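Spelled out, the chains give:
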Amino acid sequence: MSSYSVASIDLSAVRHNFKRVKQAASQAKTVVVVKANAYGHGMLEISQALSEADGYAVARLDEAIALRDSGIKKTILILTGFHSVEEAQACAEYDLAAVLHNDEQLDCLNKTRLSRPISIWLKINTGMNRLGIDVGSLAHFSRELTLSENICQPVKLMTHLACADDMSNAATEDQIAVFDKAIKGLSEQNPIGEQSIANSAGLLGWSSVQRDWVRPGIMLYGGNPFCDKTAADVELEPVMTLRSKVIALRTIQKGQSVGYGASWTATKTCRIATLGIGYGDGYPRHAKTGTPVLISGQRVPLVGRVSMDSINVDVTELDSVEVMDEAILWGKGLPIDEIANSSSTISYDLMCGVTDRVPRVYAE
Ligand SMILES: *Cc1c(COP(=O)(O)O)cnc(C)c1O
């Protein structure tokens, strides 16, 4: 194989993590979030592996169509919905459910006659101020949607939590209270549809938000959903293991530097291994000196700047290392959240950032 770098995807780990969803939210149905190519893991492969899910959620229409075309018959939900009459028609044609979060989307529905009614998840802004209609316009939206022949009745109701990763943050309780009050007002006029609030952190951290549907993403892939725990603390297994190889070895003397900008200088004689992976593969360019890499099961520190095609690690402490030895950048034995912390980012970003240059290899 011409590529030194490979992302091994463990499908039994993704199924284990799905079981954790079912244990934590046993009364709820699950839409598994497979947007952004299943957080870099491969949308079709992950969706097939999670055939027990009740539905699938993606961010964009083209992702939803690709999933439907792959043969999936269950609910497919587009988390940003449609943005034109044509896109709404495509939702009808492919039997896709859509989040509805703004006036323009309601106008699209009111302007056309769809080939068949579509399922709508009406998103209420309860404090995140990203997507969602304001609580004050809920009655209006509900009235309009109840009259629409373009949608399946009753409409589902959802919101999204901004701070669920931090269990000591009171904002989550506030958002839940806003949601419940809004829905109570509505239910006095109409029968109300199913509800959905929780992402991974929400469903693991707050049983009161599990409701009818949960929407786990990161926990399926073994990323830590919380700011102050580890993935292992909540019994999640890593799904992606990013591997590469040693492609060069050299010894440098005290005072010699490594890499662009000569940003790291040896304070004693050192053995340096160069690995065939860099930011062109999705290894984070901002990984700090000291970020751990696993070689032969031992941790060795990254030194100097990350290049496009390579990084350098100090292997002085290893008994033996040879060109073509394997290195693990994150995954089994090296939690991705550690690498994310050391690169001032989050596991989601690292997973999504693995580029097409890195083949995904699937195993049970
Ligand atoms: C991405 C997304 C999720 C999944 O969130 P995780 O933190 O990955 O579990 C759930 N709901 C919505 C609306 C999303 O955009």
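Reading the values: the criteria
Residues numbered from 1 in each chain as written. Predicted model: local features only at pLDDT ≥ 70, side-chain atom pairs only at ≥ 80, totals over all residues. Heavy atoms only, no water. Core = buried A, V, L, I, M, F, W, Y, C linked by side-chain atoms within 4.5 Å. Buried < 20%, exposed > 50% of the residue type's maximum accessible area, 1.4 Å probe, protein only. Domains from an automatic or database assignment. Contact = heavy atoms within 4.5 Å. Helix = DSSP H or I, 4+ residues; strand = E, 2+ residues; numbered from the N terminus. Polar contact = N/O pair within 3.5 Å; in protein donor to acceptor, adjacent residues only side chain to side chain. Near = heavy atom within 4 Å. Areas by Shrake-Rupley, 256 points an atom, 1.4 Å probe, with all protein chains shown as cover. Nonpolar A, V, L, I, M, F, W, Y, C, P; charged D, E, K, R; others polar. Phe/Tyr/Trp six-rings, centres within 6.5 Å; stacked < 30°, edge-to-face > 60°. Lys NZ or Arg CZ within 6 Å of the ring centre and 35° of its normal. Buried area = accessible area lost by both parts, 1.4 Å probe. Salt bridge = Lys/Arg side-chain N within 4 Å of Asp/Glu carboxyl O. Arc of directions from axis to C-beta. Patch = residues over 30% accessible without salt bridge, like charges linked within 9 Å, V, L, I, M, F, W, Y side chains within 5 Å.

Asks: Go over the nonpolar core with me, naming the residues and quoting the values.
Replies: One broad rule of soluble globular proteins: the nonpolar side chains tend to lie buried together. Core analysis: the largest hydrophobic core is formed by 114 residues, its most contacted members being V34, F82, I120, L275, Y283, V293 and I295. Looking at this core, you find at least three residues from each of domain 1 (11-229) and domain 2 (240-363). Residues in contact with V34, not counting those within four places in the same chain, are M43, I46, S47, Y56, A57, V58, L67 and Y221. Within the second largest apolar cluster, seven residues are counted, among which are V258, W264, A266 and V303.

Asks: Could you give an account of the side chain of R20, with specific residues and numbers?
Replies: Of note, R20 is situated in helix α1 (residues 11-24). A distance of 3.0 Å separates a polar side-chain atom of R20 from the backbone oxygen of V234. Contacts of R20, omitting those with residues within four sequence positions, involve L204, M219, V234, E235 and L236.

Asks: Tell me about the site of the ligand, and please be specific about residues and values.
Replies: The immediate surroundings of the ligand are formed by 14 residues, with K35, Y39, S200, I218 and Y348 found nearest. Note that a nitrogen atom of the ligand is positioned 2.9 Å from one of the side-chain N or O atoms of R215. Contact with the protein chains removes 92% of the 390 Å² of surface that the ligand exposes when unbound. Grouping the constituent residues of the shell around the ligand by class yields six nonpolar, four polar and four charged.

Asks: For the packing of aromatic side chains, give the residues involved together with the corresponding values.
Replies: By convention here, two paired aromatic rings are described through the distance between centres and the angle between planes. Using the criterion set out here, one finds four aromatic pairs in the structure. Of the aromatic side chains, those joined through ring pairs into one cluster are Y39, Y221 and Y348. Of note, K229 hangs over the ring of F226, and the distance from its end group to the ring centre comes to 4.5 Å.

Asks: Requested: an account of the domain arrangement of the protein, with residues and values cited.
Replies: Looking at the protein, the domain boundaries give domain 1 (11-229) and domain 2 (240-363). Summarising the inter-unit geometry, the C-alpha centres of domain 1 and domain 2 are found 37 Å apart. When domain 1 packs against domain 2, the two sides together hide about 1,000 Å² of surface, and 60% of this comes from carbon and sulfur. Per-residue buried area on domain 1 facing domain 2 is highest for Y39, H41 and I218; these three make up 41% of the total on that side. Taken together, the connections running from domain 1 to domain 2 amount to zero salt bridges. Every element with two or more residues in the side of domain 1 that touches domain 2 is listed here: α1 and α2 (35-39). Residue classes in the side of domain 1 that touches domain 2 are distributed as five nonpolar, six polar and one charged.

Asks: Give me helix α7 (residues 138-147): which residues, what numbers.
Replies: When α7 is considered as a whole, its buried residues turn out to be L138, F141, S142 and L145. Buried residues of α7, seen end-on, are gathered within an arc of 100 degrees and therefore sit on one face of the element. Every exposed residue of α7 that faces more than 90 degrees away from the buried side is listed here: R143 and L147. Contact partners of the buried residues in α7: β5 (97-100), α6 (103-110), β6 (120-123), β7 (156-158) and α8 (171-187).

Asks: Describe in detail a nonpolar patch on the surface, supporting the description with residues and values.
Replies: Taken together, the side chains of Y4, I247, V323 and M324 present a nonpolar region at the surface, about 330 Å² in accessible area. Structurally, M324 can be placed in the loop between β16 (311-314) and β17 (326-330).

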